[in-house]
Amino acid sequence: MSAATRSTSRGARSRRAPDRLCAEAVEQARAAAEEAAAPGSVGPWLEAVADPGADRVVTHLFEAQEPGYRGWRWAVTVARASRAKNVTVDESVLMPGPDALLAPEWVPWSERLRPGDLGPGDLLPTDAEDLRLEPGYSGADEPPPDSPVSDEQPEARGPFRATIGGVAEEIGMERPRVLSRYGLHAAADRWEESYGPKSPMAQAAPANCMSCGFLVPLAGSLRQAFGVCANEYSPADGHVVSLAFGCGGHSEAAVMPRTPQPPPPVVDETVSDPFGLGRESEPSSQESAPARREQG
């Protein structure tokens, strides 16, 4: 560990009086900092810190005015030998201060990956010791019964072993690695967190997916707890959902009622009612006289 690093990390715990000659070598320390830094990037002198683990070793701190290095400081460590009057420069480094703007801690790429980061053309290698996978079994990696290195008798298991490869190929067991129990549980926890019974959508659903006609069950042991939603109007369409999940798009959520028939009207307004026109409809006396004469 350098003197500058020790002075900044331990200076807060134990402060000691700096050596007088080393503390007075401010201009010498500035010249060393300006030689290592870009022109005009060494700011005002801040303080001189004595190294708690060594005598006659002092670190001078100058404000750094580098673009993008807010709160950083130039640390120049000077020292002198015992009974010597000449001060020499040990090192000049750029170090962060208490309020410095620092980059986030470096994280390996395998820990930075998030769902959705894999794009077209990207390759995501899996570790040989990935806990989510375990070796598959097809029988092809074992010697045949008639092999000299085989411990089995040909007549004992010969025909049975000969059929393992064909059966494994037919049911898809020839994969080098398959999902381990840990990987199975991790996937189940991840799916249940997104589309499980504790989600707000499932809490407000009229029923769960177990009784929904849009559920496509999975195969294998996952069939007992998960399926795939096939309702295009559901927010979980195409996703693996827990059987305890649910949404408003349940196939039996509501039966559409028939269109109600209106009751018979009290007043029939579909036909016209005959109404008299009153006095205007009666014939006048002049028009009725000829009619009476004809009748007479």
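Here the structure is a predicted model, which means the values were calculated and not measured. (Residues numbered from 1 in each chain as written. Predicted model: local features only at pLDDT ≥ 70, side-chain atom pairs only at ≥ 80, totals over all residues. Heavy atoms only, no water.)

### What to know about the overall build of the chain
- Secondary structure summary: the chain contains eight helices and nine strands in total.
- When each of the 296 residues of the chain is scored for burial, the buried share is 27%.
- Contacts spanning at least 24 positions in sequence make up 54% of the contacts within the chain whose residues lie at least 6 apart.
- Roughly 21,700 Å² of accessible area belongs to the chain as shown, and the carbon and sulfur atoms make up 54% of that amount. (Helix = DSSP H or I, 4+ residues; strand = E, 2+ residues; numbered from the N terminus. Buried < 20%, exposed > 50% of the residue type's maximum accessible area, 1.4 Å probe, protein only. Contact = heavy atoms within 4.5 Å. Areas by Shrake-Rupley, 256 points an atom, 1.4 Å probe, with all protein chains shown as cover.)

### Section: the confidence of the model for the chain
- In the predicted model, the chain carries a mean pLDDT of 78, and 71% of its residues have values of at least 70.
- Residue range residues 7-13 is modelled with pLDDT below 50. Its contacts to residues more than four positions away, or to other chains, number eight contacts.
- Every residue in residues 154-162 is under pLDDT 50, and counting partners more than four places away or in other chains gives 12 contacts. (pLDDT = per-residue confidence, 0-100.)

### Some words on the nonpolar core
- Val42, Phe62, Trp74, Val76 and Val78 are the most contacted members of the largest nonpolar core, which totals 17 residues.
- For this core, the secondary-structure elements that each account for two or more residues are helix H3 (26-36), strand S2 (57-64) and strand S3 (72-79).
- Those residues in contact with valine 78 that lie beyond four places of it in its chain are Cys22, Ala29, Arg56, Val57, Val58, His60, Val87, Thr88, Val89 and Asp90.
- Counting residues in hydrophobic clusters, the runner-up holds nine residues, among them Tyr195, Ala202, Ala236 and Val241. (Core = buried A, V, L, I, M, F, W, Y, C linked by side-chain atoms within 4.5 Å.)

### Brief notes about the sheet that holds strand S7 (residues 215-217)
- Strand order in the open sheet formed by three strands is S7-S8-S9, with antiparallel pairing between adjacent strands. Because the sheet does not close on itself, it has two edges, and the strands there are S7 and strand S9 (240-242). On average, adjacent strands in this sheet sit at an angle of 50° to one another, irrespective of strand direction.
- Relative to strand S8 (residues 226-229), S7 is paired through three bridges, and the arrangement is antiparallel. (Pairing = 2+ DSSP bridges. Axes fitted to C-alpha atoms, helices over the stretch in contact; angles between N-to-C directions.)

### Some words on the pattern of salt bridges
- Across all of its chains, the model carries three salt bridges by this definition.
- Across the pair glutamate 24 and arginine 20 runs a salt bridge, and its minimum N-O distance is 3.5 Å. Each member of the pair glutamate 24 and arginine 20 is classed as exposed. (Salt bridge = Lys/Arg side-chain N within 4 Å of Asp/Glu carboxyl O.)

### Brief notes about helix H6 (residues 181-194)
- With 14 residues, H6 should reach 20 Å at 1.5 Å per residue; the first-to-last C-alpha distance of 20 Å fits that figure.
- For H6, the complete set of buried residues consists of Gly183, Ala187 and Ala188. Seen from one end, H6 has its buried residues packed into an arc of 135°, which puts them on one side. The outward face of H6, more than 90 degrees from its buried face, is lined by the exposed residues Arg181, Tyr182, Asp189 and Glu193. (Expected span 1.5 Å × (residues − 1). Arc of directions from axis to C-beta.)

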